[in-house]
Amino acid sequence: MKGLAKRIVPCLDVKDGETVKGTNFVNLRKAGDPVELGKAYSEAGADELVFLDITASFEGRKTFTEMVTRVAAEINIPFTVGGGINELADVERLLYAGADKVSVNSAAIRRPELINEITTRFGSQVCVCAIDARLDDDGWYCYVKGGRERVELKLFEWAHEVEDRGAGEILFTSMNHDGTKNGYANEALARLSEELSIPIIASGGAGTKEHFRDVFKIGKADAALAASVFHFGEIPIPELKSYLLNEGIYVRV
């Protein structure tokens, strides 16, 4: 029994209709049209996509919703959208536009019942809870507002609560590793995978094919998300998947 295939998930941060990428959540540079990139990833064998609206102001939301509709028409793999989701009406709008899942982060920390509301209304498979956390001197703590503000909420305690409230998956980004290309936060990931029964998507730190191998073997992640290594063509997805298969990691090709 091979178990479930490990998933490779390109992430597109969208600002004013453009894909951008930064390091440790700052210094953004442009990476192209999100719809074109999404289509290219879908054709290259990505298992899923994540689109994050990183400027979810009212005007940004309108642009983003239109983009979701365009993406849904072009790709045939599941995609998750996040950014600025504060209430059920936001979830409904994005699912209606064609998204398969939504990702909630700051809003869920502010009002944890949002997770219960989404899962009760749409099913747990629709709700991905994103957690941005950083290893500070006093342990792993959660951050909100795009990583700008620490909250007195510990990563592992919050992850358990998220699961208890019915979220279908956790997308964990290590802010210490984000954009550094030095590898994922495998120790924290392994602990999350061991303590929880829902899938864990790893984010932050991909730089080489070996990092993907390690995040599955050492970090025990169910999926690995990355951005710049894909956007700037550093690691082609078909090449990555054949490497992982050679390393004994089951992926869909």
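Heads up: the structure comes first, above all this text.
Residues numbered from 1 in each chain as written. Predicted model: local features only at pLDDT ≥ 70, side-chain atom pairs only at ≥ 80, totals over all residues. Heavy atoms only, no water.

### As for the packing of helix α6 (residues 155–164) against helix α7 (residues 186–195)
The interhelical angle for the contact between α6 and α7, taken along N-to-C directions, is 35°, at an axis separation of 11 Å. Remark: the crossing between α6 and α7 carries right-handed chirality. Touching F156, A159 and H160 of α6 are A188, R191, L192 and E195, all from α7. For the contact of α6 with α7, the class distribution of residues is four nonpolar, one polar and two charged. (Axes fitted to C-alpha atoms, helices over the stretch in contact; angles between N-to-C directions. Helix = DSSP H or I, 4+ residues; strand = E, 2+ residues; numbered from the N terminus. Left-handed = near helix turned anticlockwise from the far one by under 90°. Contact = heavy atoms within 4.5 Å. Nonpolar A, V, L, I, M, F, W, Y, C, P; charged D, E, K, R; others polar.)

### Remarks on the packing of helix α8 (residues 209–217) against helix α10 (residues 237–246)
Interaxial distance between α8 and α10 falls to 10 Å at its minimum, and their mutual angle equals 50°. One finds that α8 runs oblique with respect to α10. By crossing handedness, the relation of α8 to α10 is classed as right-handed. Together, K209, E210, F212, R213 and F216 of α8 and E239, L240, Y243 and L244 of α10 make up the contact between the two elements. Residue composition of the contact of α8 with α10, grouped by class: five nonpolar, no polar and four charged. (Parallel < 35°, antiparallel > 145°, perpendicular 65-115°, else oblique.)

### Some remarks on the packing of aromatic side chains
For the coordinates displayed, the defined rule picks out five aromatic pairs. Measuring from ring centre to ring centre gives 5.7 Å for F51 and F79, while their planes differ by 80°; the resulting arrangement is edge-to-face. Taken together, the residues span a long stretch of sequence, with F51 in strand β4 (residues 49–53) and F79 in strand β5 (residues 79–82) at a distance of 28 residues. Given the relative accessible area of 0%, F51 is considered buried. With a relative accessible area of 2%, F79 lands in the buried category. Taking the centre distance of 6.0 Å and the plane angle of 70° together, the rings of Y184 and F212 count as edge-to-face. Of this pair, Y184 sits in the loop between β10 (169–174) and α7 while F212 sits in helix α8, and the two are 28 residues apart along the sequence. Each member of the pair, Y184 as well as F212, is classed as buried. (Phe/Tyr/Trp six-rings, centres within 6.5 Å; stacked < 30°, edge-to-face > 60°. Buried < 20%, exposed > 50% of the residue type's maximum accessible area, 1.4 Å probe, protein only.)

### A few points about a nonpolar patch on the surface
A cluster of nonpolar side chains, L245, Y250 and V253, forms an exposed patch at the surface whose accessible area comes to about 290 Å². Along the chain, L245 falls in helix α10. (Patch = residues over 30% accessible without salt bridge, like charges linked within 9 Å, V, L, I, M, F, W, Y side chains within 5 Å. Areas by Shrake-Rupley, 256 points an atom, 1.4 Å probe, with all protein chains shown as cover. Salt bridge = Lys/Arg side-chain N within 4 Å of Asp/Glu carboxyl O.)

### Observations regarding α7
When we look at burial in α7, the residues that qualify are N186, A188, L189, A190, L192 and S193. On its buried face, α7 sits against β8 (139–144), α6, β10, β11 (200–203) and α8.

### So, the nonpolar core
If you look at soluble globular proteins, the nonpolar side chains tend to sit buried side by side. Of all hydrophobic cores here, the largest spans 73 residues; its most connected members are F51, F172 and F212. The element best represented in this core is α6, accounting for five residues. Setting aside residues up to four positions removed in sequence, F172 forms contacts with I131, A133, W140, L155, A185, A188, L189, L192, I201, A202 and S203. Counting nine residues, the second largest nonpolar core, distinct from the first, contains V128, L171, I201 and A223. (Core = buried A, V, L, I, M, F, W, Y, C linked by side-chain atoms within 4.5 Å.)

### Looking at the side chain of T80
Relative to the helices and strands, T80 resides in strand β5. On the basis of relative accessibility, which here comes to 4%, the residue T80 falls in the buried class. In this structure T80 touches E48, L49, V50, F51, K101, V102, S103 and V128, once residues within four positions along its chain are discounted.

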